[in-house]
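Residues per chain are reported as follows:
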Amino acid sequence: MWTAPLSALIVAYLLWTGAGYSALIGIGIVFLIVPLQVYTGKLTSIYRRKTAIRTDERVRLMDEIISGIQVIKMYAWEKPFAHRVHRARKTELDEVIKTSSIRGLFMTFQITTTLLAMFGTIMSLVLFGNNLSSDKVFVYQTYFTVLSFSMSMQFVRGVAEIAETLV
């Protein structure tokens with residue numbers, strides 16, 4: 001996590017020297033998306049905690065059922081207990097779906113960050129009247145890939161993993 005801001009500063013300087021003010025638009029896009037990713041990482045940890053609680057409840061219920069299976073069979077309570085297990089599984093699955101949706105949003109940000117930053121920089125270069133060549137575009141693409149990887153993948157994922165570890 002500590003290398004991500006350092007590499008971001010180095011890449012931002014290299015972009016600034018190559019593209020000038022146009023680079024600021026792409027860098028700004030990356031740094032606008034990072035807080036959104038941090039927020040989704042925190043949401044992931046919140047929903048992961050809820051999922052863990054629901055899983056613990058379901059496992060505890062199943063343990064109680066297995067322990068008292070003779071009594072359940074003797075009094076023919078299979079259907080009410082099956083209904084309780086079904087409800088416990090459904091609430092657990094609802095939390096898993098929420099967690100997966102948030103993680104999908106998180107991954108979408110990771111994929112689109114580089115593309116949006118690159119689009120913003122190239123569009124501003126064209127609008128400012130600069131000449132574009134393929135060598136410049138490929139160099140900027142590489143810079144934005146490194147910048148997005150360091151900020152979107154390493155830094156934000158580090159925050160999400162720390163939150164997950166605390167759970």
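What you see is a predicted model; the values in this text were computed from it and never measured.

Trainee: Help me out: how do you make sense of the overall build of the protein in this one?
Mentor: Across its full length, the protein holds five helices and zero strands. Scaling as 2.2 N^0.38, a compact globule of 167 residues should have a C-alpha radius of gyration of about 15 Å, whereas the protein reaches 24 Å, well beyond that. For the C-alpha atoms alone, the extent of the protein along its principal axes is close to 85 × 30 × 20 Å. Classification of the 167 residues of the protein by burial places 33% in the buried group. Within the protein, residue pairs in contact and separated by at least 24 positions form 84% of the contacts whose partners lie at least 6 positions apart. On the protein, roughly 10,400 Å² of surface is accessible, and the fraction owed to carbon and sulfur atoms is 68%. Distance from the positive charge centre (17 side chains) to the negative charge centre (11 side chains) of the protein: 4 Å.

Trainee: Teacher, can you tell me more about the packing of aromatic side chains here?
Mentor: Ring pairs (aromatic) are described by centroid distance and by the angle formed between their planes. Applying the stated criterion across every chain, the model contains three aromatic pairs. Look at Trp-77 and Phe-81: their rings are 6.4 Å apart centre to centre, the planes differ by 35°, and that puts the pair in the tilted class. An aromatic cluster is defined as three or more aromatic residues linked by ring pairs; in this entry it consists of Tyr-75, Trp-77 and Phe-81.

Trainee: Help me understand the nonpolar core in this model?
Mentor: As a rule of thumb, nonpolar side chains are buried together in soluble globular proteins. Ranked by size, the top nonpolar core spans 21 residues in total, and within it Leu-15, Ile-27, Val-30, Phe-144, Leu-147 and Met-151 carry the most contacts. Sorting the residues of this core by element identifies helix 1 (3-19), helix 2 (21-67), helix 4 (78-127) and helix 5 (134-166) as the ones contributing at least two each. Sequence-distant contacts of Leu-147, defined by excluding residues within four places in its chain, comprise Ala-8, Val-11, Leu-15, Ile-27, Val-30, Phe-31 and Ser-152. Core analysis: the second largest hydrophobic core is formed by five residues, Leu-61, Ile-65, Val-85 and Ala-88 among them.

Trainee: Mind showing me how you'd approach the packing of helix 4 against helix 5 here?
Mentor: For any two helices packed against each other, the geometry comes down to the angle between their axes and how far apart the axes lie. At a minimum axis separation of 10 Å, helix 4 and helix 5 run at an interaxial angle of 150°. Taken together, helix 4 and helix 5 sit at an angle that is classed as roughly antiparallel. Crossing geometry of helix 4 relative to helix 5 is assigned as right-handed. Contacts from Arg-103, Phe-106, Gln-110, Thr-113, Thr-114, Ala-117, Met-118, Thr-121, Ile-122 and Leu-125 of helix 4 reach helix 5 at Val-137, Tyr-140, Gln-141, Phe-144, Thr-145, Ser-148, Ser-152, Met-153, Val-156, Arg-157 and Glu-164.

Trainee: Looking at this model, I keep getting lost on the environment of Phe-109. Mind explaining?
Mentor: Examined against the element boundaries, Phe-109 turns out to sit in helix 4. Look at Phe-109 and you get buried, because its relative accessible area is 18%. In sequence terms Phe-109 and Ser-152 are 43 residues apart; their C-alpha atoms lie 7.9 Å from each other. In this view, Phe-109 contacts Ile-33, Leu-36, Gln-37 and Thr-40; residues no more than four positions away in its chain are not counted.

Trainee: Explanation requested: the environment of Trp-16 in the structure shown.
Mentor: Along the chain, Trp-16 turns up in helix 1. For the pair Trp-16 and Ile-27, spaced 11 residues apart in the sequence, the C-alpha separation amounts to 9.3 Å.

Trainee: Can you walk me through the pattern of salt bridges in this structure?
Mentor: Note on pairing: side chains with opposite charge can pair once their charged atoms come close. If you walk through the whole model with that rule in mind, you get five salt bridges. Notably, a salt bridge pairs Glu-92 with Arg-58, separated by 2.3 Å at the nearest N-O pair. Pair noted here: Glu-92 is in helix 4 and Arg-58 is in helix 2, with a separation of 34 residues, a long-range link. A relative accessible area of 12% means that Glu-92 is categorised as buried. A salt bridge links Glu-78 to Lys-73; the nearest nitrogen and oxygen atoms lie 3.5 Å apart. For Lys-73, a relative accessible area of 52% gives the class exposed.

Cut-offs and rules
- Residues numbered from 1 in each chain as written.
- Predicted model: local features only at pLDDT ≥ 70, side-chain atom pairs only at ≥ 80, totals over all residues.
- Heavy atoms only, no water.
- Helix = DSSP H or I, 4+ residues; strand = E, 2+ residues; numbered from the N terminus.
- Rg over C-alpha atoms; globule rule 2.2 N^0.38 Å.
- Buried < 20%, exposed > 50% of the residue type's maximum accessible area, 1.4 Å probe, protein only.
- Contact = heavy atoms within 4.5 Å.
- Areas by Shrake-Rupley, 256 points an atom, 1.4 Å probe, with all protein chains shown as cover.
- Lys, Arg positive; Asp, Glu negative; His and termini not counted.
- Charge placed at Lys NZ, Arg CZ, Asp CG, Glu CD.
- Phe/Tyr/Trp six-rings, centres within 6.5 Å; stacked < 30°, edge-to-face > 60°.
- Core = buried A, V, L, I, M, F, W, Y, C linked by side-chain atoms within 4.5 Å.
- Axes fitted to C-alpha atoms, helices over the stretch in contact; angles between N-to-C directions.
- Parallel < 35°, antiparallel > 145°, perpendicular 65-115°, else oblique.
- Left-handed = near helix turned anticlockwise from the far one by under 90°.
- Salt bridge = Lys/Arg side-chain N within 4 Å of Asp/Glu carboxyl O.

Nothing here speaks to function; it is geometry throughout.
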